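# Architecture at a glance
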Amino acid sequence: MAVSLWKSLLQTTKSRLFLQRGVSLYNGVHGFEEEAIKKKLQQFGGGSINLSKEDHGIRVLTLNNPKQMNAFTGTMMLELQERVTELENWKDGKGLIIHGAENTFCSGSDLNAVRAMSSSEDGMNMCMFMQSTLTRLKRLPLISVAVVQGKALGGGAEFTTACDFRLMTPGSEIRFVHKQMGLVPGWGGAARLVQIVGSGVALKLLSGALKVDPERAVHLGLAEETLPSSDETRSLEEAQAWLNQYTKAPAEVIQAVKKVVTAGRELQLEAALWAEKDIFGTVWGGPANLQALAQSTKRK
Amino acid sequence: MAVSLWKSLLQTTKSRLFLQRGVSLYNGVHGFEEEAIKKKLQQFGGGSINLSKEDHGIRVLTLNNPKQMNAFTGTMMLELQERVTELENWKDGKGLIIHGAENTFCSGSDLNAVRAMSSSEDGMNMCMFMQSTLTRLKRLPLISVAVVQGKALGGGAEFTTACDFRLMTPGSEIRFVHKQMGLVPGWGGAARLVQIVGSGVALKLLSGALKVDPERAVHLGLAEETLPSSDETRSLEEAQAWLNQYTKAPAEVIQAVKKVVTAGRELQLEAALWAEKDIFGTVWGGPANLQALAQSTKRK
Amino acid sequence: MAVSLWKSLLQTTKSRLFLQRGVSLYNGVHGFEEEAIKKKLQQFGGGSINLSKEDHGIRVLTLNNPKQMNAFTGTMMLELQERVTELENWKDGKGLIIHGAENTFCSGSDLNAVRAMSSSEDGMNMCMFMQSTLTRLKRLPLISVAVVQGKALGGGAEFTTACDFRLMTPGSEIRFVHKQMGLVPGWGGAARLVQIVGSGVALKLLSGALKVDPERAVHLGLAEETLPSSDETRSLEEAQAWLNQYTKAPAEVIQAVKKVVTAGRELQLEAALWAEKDIFGTVWGGPANLQALAQSTKRK
């Protein structure tokens, strides 16, 4: 009985990871009333979240509120959720580049919204809303890269951890400044940071509010590399070239690759194995596989 | 139904991590009779576990049995549990430094007690008792550092892994010598070592009983750095200065930082996110947060 | 109630890890009909899996199908399962070296079998069969090392991750080429790779089908070191010497060491602690422990 129950629990997590789309981590049981929080966020406008057209299976998401270092207003949080839904429904996606407008990444939440939502309940609602969106972003079946120009501060630093990779431009920094605001991460940035750099480094970065420049970020495993250019257009081109190394295959194959890695990261070993086998089943004998087999026969 | 059950299980683990104090990992169901094992441990006396007064939110815990390289007698195990209970109830704590008396760290268990408790049942009881205490120590909502002078051997090596960080003095060593005693770790040192350095390195350190000097420890990620001094007083001052980098904030904020990192380390992603949101709720709109917001308004 | 259920679930996983032998990860509930898949695999013959006699607690497993770069035929999959069962029942085992015949490691599956089993169902059945065997291989209570000469490609690369360690000879390579075949790993290689090198590196290796030479493998933590020789006999001797560092103790102690590390890797912290305590109980007061205690008394 315990075994079959265990399986049913794993099935639930797997379906959340790979089958469902647009499903929040939270619902009424957690005291999360999505419509009410959306109505509240709607009151704090400004800025936008823009998504480019597809180019060879890659799209670019821009955090756009440059007057406030691309801080998230309430409506930007709502727009981010819409863009993520759009990406979940993008059948041919392989890669995603995320950056901030006008040479800086993001400074977290817009303080105007923050001041108006200072109750503990409001704060937790905002966290649940952003955690859901960022978890869905990280689980997207495509390879995502944050291009960090200028500063990624507080919630902006948390946001970078919702991407698979981080590339930094010369002179840029990632800094979990929460402590200096009397806070800790709440958008899931602590949980994801522990997964990326381990709990010891995460504890130092958060409790020290340490400024992480590109060299240190690469050393700690927080970033992949420093891009050559700090110019906005050029660094986006460099990021695209970097990403191209990992997207040269049919979309169904890249998506399956991302899924097996997500399973390996989020699930315990046995559950990850079960998921890997199911994902394998989606490509085995599929068009890309049959074509490769046919070519290997010809070569003989 | 499976989902609500899953949530209830997670709730149990979360409450164990963050709400309960002084609760053992084990109880009668595990064949663990705490009072009986305490009575047994009481028979093997010698040494003490000392806790300093608070100094700027930091206290120092001393393993004190220098005639036996600070090996744990039965009464030291009992005293350690009492000191951990005291630390759990310390409202203003931010940091903890742990070291051994007279220039060495700890050589594990007192062999006199070991010889008198050589049945498998006695051994497992001792493990359950020490695992409970060391797990509560590692989960304390403060930043803990083991200052390793001289030798940390066997159970002493295990003890260092119950701290968030390890700082080593020149010439010191950490060595899991269990194999040479025909043993494996039992105080939780293997499980924690895997979390710190990964399973490959852990397997080498345990199966090779490798001597780990400071340079190697830093290379493997087992220690943070080598302190300049090997003198006892000075190295404690240096450790305090190192720790001060990470404790400059109100206690409630440092405690919340440690809690989100603990959640990220111990829980699967979704559960860690839920915990992070709850912990965020304890500081959002709290005194440190409001003061920081007020200052950022003034600066405008 | 939730707590006792939790315990029962953990008990199930623990017993799977440490008590049961020869039990598959999958059964009829997963649509896995082991006898049917065996009958199918039996049709694709060629090659063999050879196991050497014991030498000081160490045995050598050879993947032997050199005409096809030691690719796995169906009968080799069946023989591997038999050899793993043999190793599970080997009471005095301490170490295992795995290599391929004639200076290369393994190129994955035999394409003849692959072409005849191209339905999604057949593919998943083959994965379930190989995942079960490789999971049992990785959990064996002995220290296992893959000696990579020549090429470990596709399923061959996956196979290396089922060993505790990888040693590479000069000029050799590990390469997850699945993408180029329109595939992803399905023998558990993705899940295990994430555990060894982290999800970021795993995503790059899989989505880029990157060629990993010995230097890069050591840098990424995928391999331990580069052996001096590329000659088959010599490199096996070098691997044996490397392994000897970690097997100098009675078999029961080495086996217990491997078990506590496996528990630390596969289980969440509390469950790993419970397992560690049980494993400790198997050696505490045992012959190797009593002998070491007697010697430490004499030395006094």
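Residues numbered from 1 in each chain as written. Chains lettered and ligands numbered in written order. Predicted model: local features only at pLDDT ≥ 70, side-chain atom pairs only at ≥ 80, totals over all residues. Heavy atoms only, no water.

With that settled, consider the overall build of chain A. A count of helices and strands for chain A gives 13 helices and nine strands. For 300 residues, the compact-globule formula gives about 19 Å, and the C-alpha radius of gyration of chain A, at 20 Å, lands near that figure. Each of the three principal axes of chain A carries a C-alpha extent, and together these read 65 × 55 × 35 Å. For chain A, buried positions account for 65% of its 300 residues. (Helix = DSSP H or I, 4+ residues; strand = E, 2+ residues; numbered from the N terminus. Rg over C-alpha atoms; globule rule 2.2 N^0.38 Å. Buried < 20%, exposed > 50% of the residue type's maximum accessible area, 1.4 Å probe, protein only.)

This part covers the packing of helix α7 (residues 189–197) of chain B against helix α11 (residues 251–266) of chain C. Packing of α7(B) against α11(C) leaves a shortest axis separation of 8 Å and a crossing angle of 55 degrees. The orientation of α7(B) with respect to α11(C), classified from their angle, is oblique. Between α7(B) and α11(C) lies a crossing of right-handed hand. Residues Ala190(B), Ala191(B) and Val194(B) of α7(B) lie in contact with α11(C), whose contacting residues are Val260(C), Val261(C), Gly264(C) and Arg265(C). Residue composition of the contact of α7(B) with α11(C), by class: five nonpolar, one polar and one charged. (Axes fitted to C-alpha atoms, helices over the stretch in contact; angles between N-to-C directions. Parallel < 35°, antiparallel > 145°, perpendicular 65-115°, else oblique. Left-handed = near helix turned anticlockwise from the far one by under 90°. Contact = heavy atoms within 4.5 Å. Nonpolar A, V, L, I, M, F, W, Y, C, P; charged D, E, K, R; others polar.)

Moving on, we get to the relation of the copies chain A and chain B. Once chain A is rotated about the relating axis by 120 degrees and shifted along it by 0.0 Å, it coincides with chain B to within an RMSD of 0.0 Å. Seen this way, the second copy is the image of the first under a three-fold rotation axis. Minimal C-alpha distance to the rotation axis in chain A is attained by Gln268(A), lying at 4.9 Å. A share of only 7% of interface residues in chain A that are also interface residues in chain B marks the association as one of differing surfaces. (Least-squares fit on C-alpha atoms with pLDDT ≥ 70 in both.)

Moving on: unusual backbone geometry. A positive phi angle, close to 60 degrees, is found at Asn70(A), a residue other than glycine. One non-glycine residue, Asn103(C), lies in the positive phi region at around 65 degrees. Structurally, Asn103(C) can be placed in the loop between β3 (95–100) and α4 (111–116). Note on Asn103(C): relative accessible area 38%, which makes it partly exposed.

Residues and elements named next belong to chain B. Taken in spatial order, the six strands of this open sheet run β1-β2-β3-β4-β6-β9, and their pairing is mixed. The sheet is open, and its two borders are formed by β1 (48–51) and β9 (225–226), each paired with just one other strand. One ladder, built from four bridges, connects β1 with strand β2 (residues 58–64); its direction is antiparallel. Within the sheet, the bridge partner assigned to Ser48 lies in β2 and is Asn64. (Pairing = 2+ DSSP bridges.)

Moving on, we come to the interface of chain A and chain B. When the parts of a complex come together, some accessible area is lost, and that lost area is often used as the size of the interface. Across the contact, 56 residues belong to chain A and 47 residues belong to chain B. Together, the buried faces of chain A and chain B total about 4300 Å²; carbon and sulfur atoms form 70% of this surface. Viewed at the interface, chain B and chain A are joined by two salt bridges. A salt bridge links Lys204(A) to Glu224(B); the nearest nitrogen and oxygen atoms lie 2.4 Å apart. Counting across the interface, chain A meets chain B through 15 residue pairs in polar contact (both at pLDDT 80 or more). Along the lines of polarity and charge, the residues of the side of chain A that touches chain B split into 26 nonpolar, 22 polar and eight charged. (Buried area = accessible area lost by both parts, 1.4 Å probe. Salt bridge = Lys/Arg side-chain N within 4 Å of Asp/Glu carboxyl O. Polar contact = N/O pair within 3.5 Å; in protein donor to acceptor, adjacent residues only side chain to side chain.)

For the rest of this paragraph, the subject is the interface of chain C and chain A. Contacts between the two partners involve 56 residues from chain C and, on the opposite side, 46 residues from chain A. Buried area between chain C and chain A, both sides added, is near 4300 Å², and the carbon and sulfur share of it is 70%. Applying the counting criterion to the chain C and chain A interface returns two salt bridges. Contributing elements (two or more residues each) for the side of chain C that touches chain A: α1 (2–18), α4, α5 (120–139), α7 (189–197) and α8 (199–208) of chain C. The element that contributes the greatest number of residues to the side of chain C that touches chain A is α5(C), accounting for nine residues.

What follows is about the environment of Asn125(B). All names here are of chain B. Within the element layout of this structure, Asn125 appears in helix α5 (residues 120–138). Take Asn125: its relative accessible area is 11%, and that puts it in the buried class. Along the sequence, Asn125 and Ile37 sit 88 residues apart, while their C-alpha atoms lie 6.6 Å from each other. Those residues in contact with Asn125, other than ones at most four positions away along the chain, are Gly31, Phe32 and Ile37.

Glancing now at the sheet that holds strand β3 (residues 95–100) of chain A. Residues and elements named next belong to chain A. Sheet architecture is open: six strands sit in the order β1-β2-β3-β4-β6-β9, paired in mixed fashion. The open sheet terminates on both sides in strands that have one partner only, identified here as β1 (48–51) and β9 (225–226). Pairing between strand β2 (residues 58–64) and β3: six bridges, direction parallel. When the bridges of β3 are listed, Arg59 appears paired with Leu96.

The next thing to look at is the packing of aromatic side chains. A complete count under the given rule lists 27 aromatic pairs over all chains for this structure. Taken together, a centroid distance of 6.3 Å and an interplanar angle of 50 degrees make the contact between Tyr26(A) and Trp274(B) tilted. Highlighted residues: Tyr26(A) in the loop between α1 (2–18) and α2 (34–42) and Trp274(B) in helix α12 (residues 269–283), drawn from two different chains. As far as burial versus exposure is concerned, Tyr26(A) and Trp274(B) are alike and both buried. We note Arg59(C) situated over the ring of Trp90(C); from NZ or CZ to the ring centre the distance is 5.1 Å. (Phe/Tyr/Trp six-rings, centres within 6.5 Å; stacked < 30°, edge-to-face > 60°. Lys NZ or Arg CZ within 6 Å of the ring centre and 35° of its normal.)

The next point concerns the relation of the copies chain C and chain A. Overlay of chain C on chain A (RMSD 0.0 Å): rotation 120 degrees, translation along the axis 0.0 Å. When the interface residues of chain C are mapped onto chain A, a mere 7% of them again lie at the interface, so each copy presents a different face.

On to the pairing of strand β3 (residues 95–100) of chain B. Residues and elements named next belong to chain B. Burial analysis of β3 places six of its six residues in the buried class, the great majority of the element. Where burial is concerned, the two faces of β3 agree: the one with Gly95, Ile97 and His99 and the one with Leu96, Ile98 and Gly100 are both buried. Following the backbone out of β2, through helix α3 (residues 74–88) and into the adjacent parallel β3, one traces a crossover that is right-handed. With four bridges connecting them, β3 and strand β4 (residues 143–148) associate as parallel partners. Across the sheet, the residue bridging to Leu96 is Ser144, located in β4. (Right-handed = clockwise from strand over helix to strand, strands pointing away.)

Here helix α5 (residues 120–138) of chain A crosses α12(B) at 155 degrees, and the two axes come no closer than 9 Å. When the interaxial angle is binned, α5(A) and α12(B) end up roughly antiparallel. For the pair α5(A) and α12(B), the sense of crossing is right-handed. Contact residues: α5(A) offers Ser120(A), Gly123(A), Met124(A), Cys127(A), Met128(A), Gln131(A) and Thr135(A), while α12(B) offers Leu273(B), Trp274(B), Glu276(B), Lys277(B), Asp278(B), Phe280(B) and Gly281(B). Here the contact of α5(A) with α12(B) is built from residues that sort into six nonpolar, five polar and three charged.

Tracing the sequence through the fold places Gln131(B) in helix α5. A polar side-chain atom of Gln131(B) sits 2.4 Å from a polar atom in the side chain of Tyr26(B). Those residues in contact with Gln131(B) that sit more than four places away from it in its chain are Leu25(B), Tyr26(B), Gly186(B), Trp187(B), Gly188(B), Leu273(C), Trp274(C), Glu276(C) and Lys277(C).

For the rest of this paragraph, the subject is α5(C). Because an α-helix packs 3.6 residues into every turn, residues spaced three or four apart end up facing the same way. Along its 20 residues, α5(C) runs 28 Å from first to last C-alpha, staying within 8% of the 28 Å computed at 1.5 Å per residue. When you tally the buried positions in α5(C), you get 17 out of 20 residues, the bulk of the element. (Expected span 1.5 Å × (residues − 1).)

Taken by themselves, the reported measurements are silent on function.
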